[in-house]
Amino acid sequence: MGVIIDKELCTGCGQCLDSCPFEALELEGDFAQVNDSCTLCGACAEACPEEAITVPEVERAQDGRAAQAKGVWVFAEQRGGQMPEVVAELLGQGRRLARELDVEVGAVLLGHGLDGMAGELFALGADVVYLADDPRLAEFNDDIYCTVLARLIAEHRPEVFLAGATSLGRSLIPRVATAAATGLTADCTGLAIDPDKRLLLQTRPAFGGNIMATIICPDARPQMATVRPRVMKRGGRQDGRQGRLVAVSLTPEDRAATQVLEVVQALDEQVNLTGAEVVVTGGRGLGGPEGFDLVRQLATALGGVVGATRGAVDSEWIGHAHQVGQTGRTVAPKLYIALGVSGAVQHLVGMQGSDNIVAVNNDPNAPIFDVAHYGIVGDLFEVAPAMLNRLKTLRGQG
Amino acid sequence: MKIAVCIKQVPDTANVKLDPETHTLKREGVESIVNPFDLFALEAALRIREQAGGEIVAITMGPPQAEAVIKEAIGYGVDEGLLLSDRAFAGADTWATTAALAKAIEGLGGVDLVVCGKQAVDGDTAQVGPGIAQRLGLPHVAFVKGFREIENRRLVVERQMDDGFDVVEMPLPGLITVVREVGEPRPPSLKGKMRAKKYAIPMKDAAQLGLEAGQVGLAGSFTQVVKVFAPSHGGERHRLEGPPEQTGAQVIDALVDNQVIMLGS
Ligand SMILES: Cc1cc2nc3c(=O)[nH]c(=O)nc-3n(C[C@H](O)[C@H](O)[C@H](O)COP(=O)(O)OP(=O)(O)OC[C@H]3O[C@@H](n4cnc5c(N)ncnc54)[C@H](O)[C@@H]3O)c2cc1C
Ligand SMILES: Nc1ncnc2c1ncn2[C@@H]1O[C@H](COP(=O)(O)O)[C@@H](O)[C@H]1O
C-alpha cells in the first residue's frame, strides 16, 4: 500500500522526493513511484504542485464512541504534592477547547494526602475534579495509575483527554490510551477544535521537528494528546473559584506490580531542562570543561539552567543529563542561548521550538544562525562576559 | 532469561542538513540505520544476558529492507531475530504497531523481559513501549537509565524523571524502555558479523501473527495524519556583528526591551 500517484498529472518534477521524510519516492522515467517505505504520511501530497498525489481513503471501524463522549479532561500530574507548571497550561488550554465545545473541564488527580490540591485545580479552571486519594497511589507506578485512569474514562467518557508531555506523562499516558483503546498524539505543540465534527486538531513536530503534522482521531474516544510543556499559555487563576469534587475509590484488587523504592531529586545538578524558562547551552566551542563556568554564570544571572551539546557531553565536559537534542532532551524555553554550538541538525531538533534563540559563534556560516533570532558572530569568551556585564549594569549591580 | 528487544529502522539524519530557506531536510543519499535509542536497548539486553544468562530475540516491524537492522542486531550478539513485514502494516500508528509487536512477543512464548528504546527518532512518540506492556498485561518502567539489581524474577532499575530519578523494583515478566545513560553500545563483534551474513531471518506477516487486515497498518490505526507542513520559524532574525562589548550589550538590551529578560528579579 502507498500513496496514489496520478500519472496523467505527474510531471516528474521530483518535488515530492524532497518532501518525503521516508525516502519512499523515486523517479522512474518521467514519473514518481512509491516504494515500500511509504507510511502514508501525506507530506508528498502536500508538496505536489500538480495535485497528482492522493493518500488512499481507508475504511475504519466506527464504534459510535464519538457520539456519546462529552467533556475535556486534564491529567493533573503531581509528584510529592508538587504539580508541574504544565498542569496550569493544560487547564488554560482545556478551558479554551471546552468553551468551543460547550462542555465542562474535568481534572483528574491521583495520589495520596493531596489536601488542598483540588482547590488549586478549581482556581486554575477545572469545573470538576476527580480525586483518587489512596496510599496505593502515593508513588507513581504506571500500572495502577493506568488502571484508575482507564476505569474513570470508561465510566465518564470524556471526549478529549490532555496530559503533559513530561517524563511521567509520556510513560503513563500511552499505557492509558492503549487500555482505553483509543488514539494518542505525542508531544503536541498546537491544539484546536474543528467545531463541525467536534474533532481535536493535534499538531506536533515529527521527524525530529523537520515537519509538522496535524493529526486527528476521528472515531475513537477520548481524543488523547500529551502536550509539550511551555508552549500553551496558562489560564488565569481565580482564587476561591468553586467546582464539583468527585471522590474516586480504588477496588480492593487494585495494586501496583512495580514498587518505587526511592525518589532521588537531583537538585544539586540543575537539569530540569524540560521545565526551564531559560536554557544556556554550551558546545564544543567552549574548548574544555572550564568553559562551562561561563555558561553557568550566564545561566545563573538569567535564572536558567545549563544545557549542552552532544559534542560537549561526549568530550566529558559535563554530564549526560544536560544534553539537548535528538538523543537528549527537547526544550522550548522562552530564551535559549547557544554558546559555541555549531547547530547540527540533531541539536536543532531539540531546541528550535524555543521562543527566542540567541547564538554566539565565531563562524559566520555555522548552521545555528539559521534558527537564531539573534545571531552574534564573535568569540564567545568576549561576547558572553559582555552580556553578563550589561546585565549587571542594567540591574544596577555594577 | 528470555529477552525480546524491539528495534526500528529509521532514516539516518546524521548527514542531513536543514535547508535554511524552507527548513526542510536536504536529503542526499540518506541511509537507513537502527534507531539510535534502540542501540541502547540492545546494549541493555546484552548486559542483562551477561548477568542473568538466557537468550535475546530482536524484533522489528517494517518493510522487507528492515531486515538490515536484524542483521545488525545479530552482529551485536543477539541470538535470534524476527522480521514482521506485510504491506498491510503501512501507515500504522502506535496502536496498530503495538498490535503487531505484542502478538509477535506473545508468539515467542515465555518472554521474561521486553526492552524498547526510549523513542524512535522518526516519529518521536515514545508510545510503543508502554503500549506493548499494556497489551501484554505486563508492568513497565519507562526511561530506564541504569540497573541496580538484575535477577531472574525481578529487576531494580533507575527511572529518569524530570526532577531527578526513581529507584523502581519490577517483577518479571515486564517491559522497560531505556535512555542513553544505560551505557554506550559496544561495537559489533567479528563473530557476530560472520553469523549475521549467514543468518536466515524468520519473517511473519499479519496473518501469521493472527491479525486481520483491519487490525494493522493504517486501517487498524485510530489516529490519522490530515496535514503535513514545514515548521514556521517565527520571529524576526537579527545578525549582530561588531565589537563584542557592543554586540553583547545589544542583545541583552533587545531581550530586555522585548520582555524576554525581566530585570526586576
Ligand atoms: C544519532 C545521532 C544523535 C545525535 N544527537 C545529538 C543530540 O541529542 N544533541 C546534540 O547536541 N548533538 C547530537 N548529535 C551530534 C551532532 O551531530 C553534533 O556532532 C553536535 O551537536 C556538535 O556539538 P557542538 O556544536 O558542541 O560541536 P561542534 O560541531 O564542534 O561546534 C562547535 C562550534 O563552536 C564554534 N566555536 C569554537 N570556538 C569558539 C569561540 N571561541 N567562540 C564562539 N564560537 C566558537 C565553532 O565555530 C563551531 O561552530 C547526534 C549525532 C548523531 C549521529
Ligand atoms: N516498527 C517497529 N519495530 C520494532 N520496534 C519498534 C517499532 N516502532 C517502535 N518500536 C520500539 O518502540 C520504541 C519507541 O518507539 P516510538 O513509540 O515509535 O517512539 C522504539 O525505540 C523501539 O524500541
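Before reading on, note that the structure itself is shown above.
Here's what I pulled together on the structure shown here. (Residues numbered from 1 in each chain as written. Chains lettered and ligands numbered in written order. Predicted model: local features only at pLDDT ≥ 70, side-chain atom pairs only at ≥ 80, totals over all residues. Heavy atoms only, no water.)

### Here's the deal with helix α1 (residues 36-52) of chain B
Note the following rule: Strands here mean DSSP runs of E at least two residues long; helices mean DSSP runs of H or I at least four residues long; both are numbered from the N terminus. Residue count minus one, scaled by 1.5 Å, sets the expected span of a helix. Each residue gets one of three labels from its accessible area relative to the maximum for its type: buried under 20%, exposed over 50%, partly exposed in between, using a 1.4 Å probe on protein chains only.
Between its first and last C-alpha atoms α1(B) spans 25 Å; for 17 residues at 1.5 Å apiece the expected length is 24 Å, and the two agree. With 13 of 17 residues buried, α1(B) is to be regarded as a mostly interior element.

### Looking at the nonpolar core
Our working rule: In this text, buried Ala, Val, Leu, Ile, Met, Phe, Trp, Tyr and Cys residues form a nonpolar core when linked through side-chain atoms within 4.5 Å. Every residue pair with non-hydrogen atoms within 4.5 Å of one another is taken to be in contact.
With 44 residues, the main nonpolar core has Ile3(B), Val5(B), Ile7(B), Leu113(B), Val115(B), Ile176(B) and Val178(B) as its most contacted residues. It is α1(B) that contributes the most residues to this core, 10 residues altogether. Discounting chain neighbours no more than four positions away, the residues touching Ile3(B) are Ala45(B), Ile48(B), Arg49(B), Glu55(B), Ile56(B), Val57(B), Leu113(B) and Val115(B). Counting residues in each nonpolar core, the second largest holds 36 residues, with Ala299(A), Tyr374(A), Ala384(A) and Ala254(B) among its members.

### Points about the environment of Ala249(B)
If you trace the backbone, Ala249(B) turns up in helix α6 (residues 244-257). The exposure class assigned to Ala249(B) is buried, which follows from its relative accessible area of 16%. Taking the C-alpha atoms as reference points, Ala249(B) and Ala207(B), 42 residues apart in sequence, are found 66 Å from one another. Here Ala249(B) is in contact with Ala386(A) and Arg390(A), once residues within four sequence places are set aside.

### As for unusual backbone geometry
Phi is mostly negative for residues that are not glycine, and the peptide bonds are mostly trans. In this structure, Pro222(A) follows Arg221(A) across a cis peptide bond, with omega equal to 0°. When you line up the elements, Pro222(A) lands in the loop between β12 (211-216) and β13 (223-227). Of note, the bond from Leu172(B) into Pro173(B) is cis; its omega dihedral lies within 30 degrees of zero at 5°. Although it is not a glycine, Glu316(A) sits at a positive phi angle of roughly 60°. By the secondary structure assignment, Glu316(A) is in the loop between α9 (310-314) and β18 (335-339). A relative accessible area of 70% places Glu316(A) in the exposed class.

### Points about the pattern of salt bridges
The criterion, for reference: Here, a salt bridge means any Lys or Arg side-chain nitrogen found within 4 Å of an Asp or Glu carboxyl oxygen.
Taken as a whole and assessed by the stated rule, the structure comprises 35 salt bridges over all chains. Among the ionic pairs, Arg186(B) bridges to Glu50(B), the shortest N-O distance being 2.6 Å. A residue pair is termed long-range when its members are at least 10 positions apart, and Arg186(B) in the loop between β12 (174-178) and α5 (190-198) and Glu50(B) in helix α1 qualify at 136 residues. Classification of Arg186(B) as partly exposed rests on a relative accessible area of 26%. Looking at Glu50(B), the relative accessible area reads 54%, which means it is exposed. When salt bridges that share partners are traced, they join Arg79(A), Asp142(A), Arg159(B), Asp163(B) and Asp166(B) into one network.

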